[in-house]
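# Fold and geometry: a report
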Amino acid sequence: MPAGRKRKAAPAAPEAAVSTPTASSSSRRRSQRASTSATKTSKYFEPEISESESEPDVKPRRKSLESSKRANATKSSRASKKAKLEVEEEDDYEDEDVPDTKEEEDEDSELDEDAIPKTTFIPLPKLRDTGGIEYADDRLHPNTLAFLKDLKANNKRSWLKMHDQEFRRSFKDWESYVMTMTDKIIAADETIPELPFKDVNFRIYRDVRFSHDPTPYKPNYGAAWSRTGRKGPYACYYLHLEPGKCFVGGGLWHPPADALAKVRASIDERPRRWRRVLMDPEFRDMFLTASSSSTKSSSKLTGTAAAKGKAATAKAKAAASTPSNSKKGRGRPRKSTASDVDAEIEAAIEHDEEAKDINGHSEEGDEKAVIKAFAELNKEDALKTKPKGYLAEHRDIELLKLRSFTVGKKIPDDIFTKDSRHGQEEIAKMFKAMVGFVTHLNRIVMPDPGDDDDESDEEE
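Residues numbered from 1 in each chain as written. Predicted model: local features only at pLDDT ≥ 70, side-chain atom pairs only at ≥ 80, totals over all residues. Heavy atoms only, no water.

Segments scoring low in pLDDT should not have their predicted coordinates read at a detailed level. For the protein chain, mean pLDDT is 75; residues scoring 70 or higher make up 59% of the total. When the criterion is pLDDT under 50, residues 93-97 qualifies, and its contacts beyond four places in sequence or with other chains add up to one contact. (pLDDT = per-residue confidence, 0-100. Contact = heavy atoms within 4.5 Å.)

See below:
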C-alpha cells in the first residue's frame, strides 16, 4: 500500500439488521443442546428417564411382576409339598420306632425283676445206636456207611455242625481201617512207605470256588497209597468208600505233561512191555475181563476136553492100524504104541493151552481185546484225535490217545463190614494183582537207578 493513504471505513450496517440476543433465542439454544446430549448414551451412567418417556414402559413391567409372582407361587407350592412329605415320613418312622408307652408300662408291670430269664435249648441229635456191633480196626461199622448216606441227603454246613459227634465217630472208624490196610499194602508192595493217616487220606471238604456244585462236602471217604502218599508223581493204589459206589483202583490219573510224554514214548518204543503187563493173568482177570471164575474154569475144561477128544481119535486110528496077529520080530513094525499115543495126547493138550488163553481165544486176539478194555476204562478224558508227533495209523493209537492210565473194580458195600479179616483180605488181593502195573508206571515216570535199561524191545 502507498504511504500517505488512509484506509476507508466500512459502511455502517442499518439499524434494523443489528439486533441484540434476547431471552427466547438463548432458551432455544439450550433446549437444542439438551436434546443433543440426551441422544448420546454414556457407557458409565444410565440416562435419566423423564416422566413422559416412562409412561409406555408401565405395561411390560406389570407383566414381569406377574410372571415373578407366579414363579414364586409355584416354588412355594413345591416347597410346601416337600415339607408335607418329609413330615409324613417322619411320622411313619416315629410310628415304627417309638413303641407304645402304654404297652411298655403293661409289660414292665408283668415282668418280675427277681425272676430268672427264660432260655431255649436246642438238643443235639443223639448218636446212632450201635446195634450190638462193636467197632473194630480191621472192618468198618455199619454206622459209618449210614452216616455217609445221611451226609449225601443233607449236604449242608448247618447239618454237619449238628451231627459233629457222629461225623467224628465215623471218621475215627475210617482212620483205623485205613491204617490196618496200610500194613497189607506194604506187605504186597515194598516200595510203599509207612506214612501217617493225614498223608494218605482225602478230606471231605470240597473246593466250591470254581465249581457249579455248591455242596460243601464230599459224601465219601477215600485214601491213596504211593511212595509219597496221596500227592506226588508216582502211581498209587486207591480205595473209595461211598454207599453204592465203592471201588478199588490204581494207576496214574491225569499225570502232568512231562510224565504223560514219557508214558506215550514208552508205548511207542516198548510195546511188548506194555503187553506183558496188561496180559498178566492175575491182573487181566481181576480188572480187564468181565467173566467170572466159574466161566473161565468151564471154558478151560471145555478146551481140554476137546484136545483130549482129538487125541483119543488119533489113538483109535493108531490102534486100528496095529496088526493084532503079528509075532515078535516079524511082519511090519508097529506105527505107534499106547505110550506114544498118550504122549501125543499130552502134547496136544499143552499145545492147545499155549495156543489159546483161558477164555478160548487166540493170544493175538486176546491182546487186542485186553488193550481195548484198558482203553475203554480210560476213555472219559481221552483225546479225540491222535496226539502230536504220532501217526494216526499207529499200532497202539488207542493207548496213545489216553491221558489217564488207571484200572478199577467195583466192590460191594458189605466187603467193608464183613466179620474178621475176610473183607480186608479180599481188598488186599486186588491191590496185589495191581503191583506189576503200578511198578511198570513208576519205572516210566520216576525210574530208579537201573530201571530204565536199554534192552531191545522190537517185535519178532
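So, on to the sheet that holds strand 5 (residues 405-410). In space, the five strands of this open sheet follow the order 1-2-3-4-5, with antiparallel pairing throughout. The outermost strands of the open sheet, each flanked by one partner alone, are strand 1 (201-202) and strand 5. Judged from the six bridges that link them, strand 4 (residues 247-252) and strand 5 form a sheet pairing that is antiparallel. Note that in strand 5 the partner of Leu252 across the bridge is Phe405. (Pairing = 2+ DSSP bridges. Helix = DSSP H or I, 4+ residues; strand = E, 2+ residues; numbered from the N terminus.)

The subject of this paragraph is the packing of aromatic side chains. Under the definition given, this model contains 17 aromatic pairs. Summarising the aromatic geometry, the rings of Phe202 and Tyr238 are spaced 5.9 Å apart at their centres and angled 75° between planes, so their arrangement reads as edge-to-face. Remark: Tyr238 occurs in strand 3 (residues 236-241) and Phe202 occurs in strand 1; sequence separation between them is 36 residues. Between Phe283 and Phe437, the ring centres sit 5.2 Å apart and the planes meet at 25°, which makes this aromatic pair stacked. Highlighted residues: Phe283 in helix 11 (residues 281-287) and Phe437 in helix 17 (residues 435-445), separated in sequence by 154 residues. (Phe/Tyr/Trp six-rings, centres within 6.5 Å; stacked < 30°, edge-to-face > 60°.)

According to the stated counting rule, one finds 15 salt bridges in the structure shown. A salt bridge links Arg168 to Asp164; the shortest N-O distance between them is 2.7 Å. Taken together, the residues span about one helical turn, with Arg168 and Asp164 both in helix 7 (residues 164-188) at a distance of four residues. Between Lys418 and Glu426 there is a salt bridge whose closest N-O contact spans 3.0 Å. Taking relative accessible area as the criterion, Glu426 reaches 33% and is therefore assigned partly exposed. (Salt bridge = Lys/Arg side-chain N within 4 Å of Asp/Glu carboxyl O. Buried < 20%, exposed > 50% of the residue type's maximum accessible area, 1.4 Å probe, protein only.)

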